[in-house]
Amino acid sequence: MNKLIIFSAPSGSGKSTIVQHLLSLEKLNLAFSISATSRAPRGKEQHGKEYYFLSIDEFKERIASGDFLEWEEVYAGNFYGTLKTEVERLWSLGKAVVFDIDVVGGLRIKEQFPDQSLAIFVKPPSIEELEKRLRNRQTESEDKIKMRLDKASQELAQAEKFDVIIENDDLQKALQEAENVVSNFLKST
């Protein structure tokens, strides 16, 4: 059976670090689902590696064509989504597909593939710790940090809808817990 592993969390919770760790474990046979976005690349991000970068018009055309498994306007003018062709491409390689995706998108995928997917919510120890992590990144403006913290409160309220909640208060413990949960899911039929 083709399987999907969904990781969602507020920005700064550590989900990307956990996903990268799992992808590095060859025994799990995972592949990363590259999302599409209408935002501009940041830093050294490359089209087809970190994201598929689309113009807003192109993104809207692809929505109208039904090309997305899920999509959302996460922030005003910033669309994110999962192209159906991306999941099909990774399944054709015999891989289980891993998503690092916002909460709404993660729940939409889980809804479409209830038996094939494992939805994991990565929870920060507290909003205060989340704010500290976001500030330590030194990549975002004060407005963006405030926007992410406001969104985090809404996302934390959705945690119970996920199959598993991993609290990331100790990174090594969170990595091990994620590895165990994913490994057990992949062994199940």
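Criteria and thresholds
Residues numbered from 1 in each chain as written. Predicted model: local features only at pLDDT ≥ 70, side-chain atom pairs only at ≥ 80, totals over all residues. Heavy atoms only, no water. UniProt positions renumbered as here; feature names shortened; annotations may be inferred. Helix = DSSP H or I, 4+ residues; strand = E, 2+ residues; numbered from the N terminus. Buried < 20%, exposed > 50% of the residue type's maximum accessible area, 1.4 Å probe, protein only. Contact = heavy atoms within 4.5 Å. Pairing = 2+ DSSP bridges.

Some remarks on the UniProt feature "domain: Guanylate kinase-like" (unreviewed entry) in the chain
Those places that UniProt annotates as "domain: Guanylate kinase-like" (unreviewed entry) correspond, in this numbering, to residues 2-183. Here residues 2-183 runs as 42% helix and 24% strand, with 15 Å between its end C-alpha atoms.

As for the UniProt feature "binding site: ATP" (unreviewed entry) in the chain
Taking the UniProt record as the reference, the feature "binding site: ATP" (unreviewed entry) is found at Ala9, Pro10, Ser11, Gly12, Ser13, Gly14, Lys15 and Ser16. Mapped onto the secondary structure, Pro10 falls in the loop between β1 (4-8) and α1 (15-23). On the accessibility criterion, Pro10 (1% relative accessible area) is buried. Pro10 has contacts with Phe121, Val122, Pro124, Leu130, Ala152, Glu155 and Leu156, leaving out every residue within four places of it along the chain. If you trace the backbone, Gly14 turns up in the loop between β1 and α1.

Quick word on the pairing of strand β5 (residues 68-75)
Of all the eight residues making up β5, six are buried; the element is thus mostly covered by neighbouring parts of the structure. Sheet topology places β5 next to strand β6 (residues 78-83); six bridges connect them, and they run antiparallel. Along β6, the bridge assignment pairs Tyr75 with Asn78. The antiparallel hairpin formed by β5 and β6 contains two residues in its connecting segment, where Gly77 sits at a positive phi of about 80 degrees.

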